[in-house]
There are 2 protein chains.
Amino acid sequence: MAGIRTPKPISELKRVMPKAYAQLESIYQTLEKHFRDMQDIEFTIEDQTLYMLQTRNGKRSAAAAVKIACDMVREGLINKEEALMRVSPEQLDQLLHPMIDPKAKVNVLAKGLPASPGAAVGQVVFNAEDAMEGAKKGKKTILVRQETSPEDVGGMAAAEGILTATGGMTSHAAVVARGMGKCCIAGCGAIQIDKGFFSVKDKAGKVIKVKQGDFLTLNGSTGEVILGQAKLVDAELGSDFKQFMSWADAVRRLKVRTNADTPEDSKIAREFGAEGIGLCRTEHMFFGPGRLQPVREMILADDKAAREKALAKLEPLQKGDFKGIFKAMAGLPVTIRLLDPPLHEFLPKEGKEMIKVAKELKISVKELEQKVTQLHEVNPMLGHRGCRLAITYPEMYRMQTKAIFEAACDLAKEGLRVVPEVMIPLVGMMGELTFTKKDVVEVAEEVMKRRKTKIDYLVGTMIEIPRAALIAEELAKEAEFFSFGTNDLTQMAFGFSRDDVGKFLPHYIEQGLLKVDPFVSIDQTGVGKLIEMAVSKGRATKPQLKIGICGEHGGDPSSVEFCHRSKLDYVSCSPFRVPIARLAAAQAVLKEKK
Amino acid sequence: MAGIRTPKPISELKRVMPKAYAQLESIYQTLEKHFRDMQDIEFTIEDQTLYMLQTRNGKRSAAAAVKIACDMVREGLINKEEALMRVSPEQLDQLLHPMIDPKAKVNVLAKGLPASPGAAVGQVVFNAEDAMEGAKKGKKTILVRQETSPEDVGGMAAAEGILTATGGMTSHAAVVARGMGKCCIAGCGAIQIDKGFFSVKDKAGKVIKVKQGDFLTLNGSTGEVILGQAKLVDAELGSDFKQFMSWADAVRRLKVRTNADTPEDSKIAREFGAEGIGLCRTEHMFFGPGRLQPVREMILADDKAAREKALAKLEPLQKGDFKGIFKAMAGLPVTIRLLDPPLHEFLPKEGKEMIKVAKELKISVKELEQKVTQLHEVNPMLGHRGCRLAITYPEMYRMQTKAIFEAACDLAKEGLRVVPEVMIPLVGMMGELTFTKKDVVEVAEEVMKRRKTKIDYLVGTMIEIPRAALIAEELAKEAEFFSFGTNDLTQMAFGFSRDDVGKFLPHYIEQGLLKVDPFVSIDQTGVGKLIEMAVSKGRATKPQLKIGICGEHGGDPSSVEFCHRSKLDYVSCSPFRVPIARLAAAQAVLKEKK
């Protein structure tokens, strides 16, 4: 249990000034009783008189915080609710990932954004293939990229950690890495990537070259890039942690789901206490082995028939994906977002890749280039994506719906309960929802009738376009649930492109124009108003409307508290942030009681 | 005056069936009296019995409509208010521009979007230089481009009309052309531009090549691209038109301002009845002769000192611009929007231009390329632009403010009244407004003190970011006026990039998901809610807050009516749409009375 910590100077004090020591001990005990927590006291002694300078709750590691809280409950000093308030949700991250041994001496090369927590050691590689190749041979690697794109996902999964030179806290690298629970440092502008090496200036201005194969350590919790192999210590999830989290679960009202696109992620998330999937991004499935080619065939198709032929190749693969995820979530609800990104994301950009892909697709490079040019967008973020794709090419969502319900029927026949919630992305007007929902329901009913199986399912909409929040009372007539896509909602409400915001947002935060990065913590004054508006308008139409959030904010403690106050039903976040959200949701209830 | 129109069959009828004719005449007079307007009647006669099929107000040209309305008032048949409702504002466009002689036989090659009304005849050129070169020699040209960019503005001004292959109703070409009152057809996808010619398929599928120097006629009111020189008839603004518009002015409550960036545009707009400038886009001034080089020097500057040196070169030029505009608007308010677009818009994009510019700036091509890469943005629409530039580089707005107030002081000393309204673009949070306003006020007061002159001025904000509408009660504490930038507000509320929307918006309108293009007519259900919210929140803080709109919607009749109902103080639109807005504003009052 907590008590007076007695480092050297204090024991010395006891010996040479027993009176002052006794005085201090009595003050400490009074303070500890008053604050009901361990105290760090600053004091000075002048002319035999003890002067108190300041006192505050003692700092400690996450493991210590959880242990102390549990101990104090067991000893009857505080109750469970008080214990829950003693540990900050942000701190829990430390418990869930391996960390650099606090005693290790490290050589910090540069600092980037702490995009995904934990630590990783490995040999530098500069492309996804080398990371995958290395993994096959049992070699641990750190993938270093200017920035990552969906084609790097395989390499990111194979590497121990990811380091990028550009991109913010919600860049592709950051989001995907957090989803994987993989250590990532993003936007490390100090490194200059060249062919086969990257260079960085040390404090003295000397250029240091780090070559392919050199060892590097990343501290994703601080953003520190470290030369060489630092010693790591493993994550520690003891019995105290489990007990502590069970108290949180007993208190919270918000459900906590996870954002997961694979059976593996789904399993991790369940272990961390996820109560369903709040966001399954189907486009990530399109990048898996054997997928990209039929996806590209579909994009290059000249007519509906050719498009449907390519989609037919994808359908069994998607069905397999959904079966895996439904199984992993056995009986818990799974929200599946239909295809969202613009199609050009699936096509190659550069010369070499272009030639390779043209060959694979058996078309001329010129034809491929023309298609790429044709699909090019000035502002892809505001372009032809989300449900807009399904308005122009309805067969895409129809294929995905078929795959979902075929998978669900297969499992239902095996006796498994499956709860699919089909989610339409980027809805901004009523017509988009009625149009796409009609298709989903039609295909779902057709499959269930043919398979003679009844599946309970919902069709809902994302609220991520500002206009959707403004017409929520109308959307709620058709939508069976709302899910806030707060990443896009933040982008559009602020007029900030998350890919470009790095040029001025740091300056805004430095100048105090913004207190926190709105992509990290929900902007309650602006974006929050749209959320509150959508909740109240939506429930005015449908009082029991299920409402959640599936943006990255779902794992941010202050955003979780906001979601609780805004009467959402659930938050959803990446697997490794599920425990954070569970604790934050419990604290939200306790803060309200005060 | 109106009466029964007697084409051949009717006079025939009078001769062979006098009884039926008399019956018809009596019905017509009853109807005309009832509807108080000329009637088109459809009827049939079977077995000597007259059957009425339908009746409706007679169709007529704009000139005829205005003339008939004025005649009827003079003859005491209708009052002025009734007369005002007899002419549709959209129709007025016909009166303000030259048109193709309705009797002319034309060979329509292709059809694009009717982006800016009127008609133009000239010889095809494919770049701005050739248009300007041609104008010097007195040659009339039609500028044909894939799409236009700010560097084409000189050529657009020199040409008779503009034709683009891509881009929508609010593309660069469309907006600039409307501002100039110049005929433009945009997004004519049927033409394929090649080197020195463009090709298009005729109805039979035969490819027709139109070479540089060939004559072309554009009908900007219908979007028709016509081969050869069609006969044009001049615009006709008779005394009836003036009288009619004076009635409108007596009735309307909304003020009508104009969007103008040059003294020439300002003069045209005043002739059309503009009561001030609602939007003067200062960036257009940066493309004028002698401007682009110092602008580029500023962008490439490594530090504040170098930036200020480049800005010092621009200041006298900007001051001259403002003087010209203030003079043209003699005493009427002039709203000046400080620099808005992202800086990369001022840098070259292609290889050849890159080499030329690098030479002019006396730097290496590599340096220039690096700067271009560094400034590249994934979604420029949501990037580093507007007041965000002034947060990172405050010296830009300071220079512009100095130029505005030096110009105003010069003119005030000459005894001219000047009313500058300085407008901050792209404000989304309170800090942006306080930061930039502080700079503007500081510089303005410094200039006025030094020049010993007092100028009445306002500092206000655009409301074009959704978040600005959500926090309008706060912004109104600092802002002395609001001006809705409905183009950007529409882009962000819908999540539509106006540059990319051509890929799916036509499909949406075809499918009935949207009734009108929200970039043409304000989306009252969604975007309109943000406007109403901002008006009520803003006036809750400052009841007398001046509020206007300066997006292209300010010239659209149904949007003008919406602005009237939403209690705005003024609308602002391109010069040639000012009469349309004046009539629409009057009709809005009359509709309310009903």
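Above this note sits the structure.
Note that the coordinates shown come from a computational prediction; the quantities given were computed from them, not determined experimentally.

### Some details on the packing of aromatic side chains
Under the definition given, this model contains 20 aromatic pairs over all chains. Ring geometry for Phe126(B) against Phe198(B): centres 6.5 Å apart, planes inclined by 75°, an arrangement best described as edge-to-face. Here Phe198(B) lies in strand S11 (residues 197-201) and Phe126(B) lies in the loop between strand S6 (119-125) and helix H6 (128-136), a separation of 72 residues in the sequence. For the pair shown, Phe126(B) and Phe198(B) are each scored as buried. Linked through ring pairs, Phe494(A), Phe496(A), Phe504(A) and Tyr508(A) together constitute an aromatic cluster. Lying over the aromatic face of Phe197(A), Lys209(A) brings its terminal NZ or CZ to 4.4 Å of the ring centre. The cationic tip of Arg257(B) hangs over the ring face of Tyr570(B); the distance from NZ or CZ to the ring centre is 4.1 Å.

### Here we look at the interface of chain A and chain B
In this assembly, 47 residues from chain A lie in contact with 47 residues from chain B. With both chains or domains summed, chain A and chain B bury close to 4,300 Å², and 63% of this area falls on carbon and sulfur atoms. On the chain A side of the contact with chain B, Leu382(A), Arg467(A) and Lys503(A) bury the most area, a combined 15% of that side's loss. Counting every contact that joins chain A to chain B gives four salt bridges. One salt bridge in this structure joins Glu473(A) and Lys529(B), with 3.6 Å as the shortest N-O distance. Our count for the chain A to chain B interface comes out at 28 residue pairs in polar contact (both at pLDDT 80 or more). Looking at the side of chain A that touches chain B, the elements with two or more residues in it are helix H15 (365-375), helix H16 (387-392), helix H18 (430-451), helix H19 (466-470), helix H20 (472-478), helix H21 (486-494), helix H22 (505-510) and helix H23 (527-541) of chain A. Considering every element that reaches the side of chain A that touches chain B, the biggest residue donor is H23(A), with four residues.

### Some points on the environment of Gly290(A)
All names here are of chain A. Structurally, Gly290 can be placed in the loop between helix H11 (282-285) and helix H12 (292-300). Looking at Gly290, the relative accessible area reads 57%, which means it is exposed. With 24 residues separating them in the primary sequence, Gly290 and Leu314 have C-alpha atoms 8.9 Å apart.

### Comments concerning the pairing of strand S14 (residues 224-227) of chain B
Residues and elements named next belong to chain B. Judged from the four bridges that link them, strand S4 (residues 107-111) and S14 form a sheet pairing that is antiparallel. Note that in S14 the partner of Ala110 across the bridge is Val225. Pairing between strand S13 (residues 215-219) and S14: four bridges, direction antiparallel. Looking at S14, one finds that Asn219 is bridged to Glu224. Turn length for the S13-S14 hairpin, with the two strands adjacent in sequence and antiparallel, is four residues, and the turn residue Gly223 shows positive phi of about 90°.

### Re the environment of Glu414(B)
Residue and element names in this part refer to chain B. Looking at where Glu414 falls in the secondary structure, it is placed in the loop between helix H17 (395-413) and strand S19 (419-424). Each C-alpha atom, one on Glu414 and one on Gly167, is 45 Å from the other, the two residues being 247 residues apart in sequence. What Glu414 contacts, discounting residues up to four positions off in sequence, is Lys323 and Lys327.

### Comments concerning the sheet that holds strand S10 (residues 192-193) of chain A
Each strand in a sheet pairs with its neighbour through backbone hydrogen bonds, running either in the same direction (parallel) or in the opposite one (antiparallel). All names here are of chain A. The three strands are arranged S10-S11-S12 in an open sheet whose pairing can be described as antiparallel. Each edge of the open sheet carries a strand with a single partner, namely S10 and strand S12 (207-211). Across two bridges, the pairing between S10 and strand S11 (residues 197-201) is antiparallel. Within S11, the position partnered with Ile193 by the bridge is Phe198.

### Re the layout of surface pockets
Residues and elements named next belong to chain B. What the second largest pocket holds in volume is close to 700 Å³. Lining the second largest pocket we find 30 residues, and of these Ile299, Leu300, Ala301, Asp302 and Lys371 sit closest to its centre. Where the lining of the second largest pocket is concerned, the elements lending two or more residues are helix H12 (292-300), helix H13 (304-328), helix H14 (351-361) and helix H15 (365-375). Tallied by class, residues from the lining of the second largest pocket come to 14 nonpolar, five polar and eleven charged.

### Thoughts on the side chain of Glu552(A)
Residue and element names in this part refer to chain A. Structurally, Glu552 is set in the loop between strand S22 (546-549) and helix H24 (557-565). Exposure remark for Glu552: the relative accessible area of 5% places this residue in the buried category. Of the polar contacts made by the side chain of Glu552, one reaches the side chain of Arg577; its length is 2.8 Å. Among all residues touching Glu552, those that are not within four sequence positions of it are Val175, Arg178, Asn259, Asn487, Ser574 and Arg577.

### With respect to empty space enclosed by the protein
All names here are of chain A. This structure, assessed with the given rule, holds one cavity of 30 Å³ or more. Estimated volume of the largest cavity: approximately 40 Å³. As for the largest cavity, its lining consists of Asp93, His97, Ser116, Pro117, Arg178, Gly181, Ser574, Phe576 and Arg577. Looking at side-chain class alone, the lining of the largest cavity contains two nonpolar, four polar and three charged residues.

### Examining the pattern of salt bridges
All names here are of chain A. In total, this model carries 78 salt bridges over all chains according to the counting rule given. With a closest N to O distance of 3.1 Å, Asp71 and Arg74 form a salt bridge. Taken together, the positions of Asp71 and Arg74, both in helix H3 (residues 62-74) and three residues apart, correspond to about one turn of that helix. Residue classification places Asp71 among the buried positions, given a relative accessible area of 14%. On the basis of relative accessible area, Arg74 is assigned to the partly exposed category, the value being 47%. Residue Lys593 pairs with Glu81 through a salt bridge whose shortest N-O separation is 2.9 Å. One end of the pair, Lys593, is in helix H25 (residues 578-593); the other, Glu81, is in helix H4 (residues 80-85), with 512 residues separating them in the sequence.

The rules behind these values
Residues numbered from 1 in each chain as written. Chains lettered and ligands numbered in written order. Predicted model: local features only at pLDDT ≥ 70, side-chain atom pairs only at ≥ 80, totals over all residues. Heavy atoms only, no water. Phe/Tyr/Trp six-rings, centres within 6.5 Å; stacked < 30°, edge-to-face > 60°. Helix = DSSP H or I, 4+ residues; strand = E, 2+ residues; numbered from the N terminus. Buried < 20%, exposed > 50% of the residue type's maximum accessible area, 1.4 Å probe, protein only. Lys NZ or Arg CZ within 6 Å of the ring centre and 35° of its normal. Contact = heavy atoms within 4.5 Å. Buried area = accessible area lost by both parts, 1.4 Å probe. Salt bridge = Lys/Arg side-chain N within 4 Å of Asp/Glu carboxyl O. Polar contact = N/O pair within 3.5 Å; in protein donor to acceptor, adjacent residues only side chain to side chain. Pairing = 2+ DSSP bridges. 1 Å grid on protein atoms, 1.4 Å probe; cavity = no way out; pocket = protein on both sides within 12 Å on 5 of 7 lines; lining within 4 Å. Points joined across faces, edges and corners; volume = space filled by probe spheres on them. Nonpolar A, V, L, I, M, F, W, Y, C, P; charged D, E, K, R; others polar.

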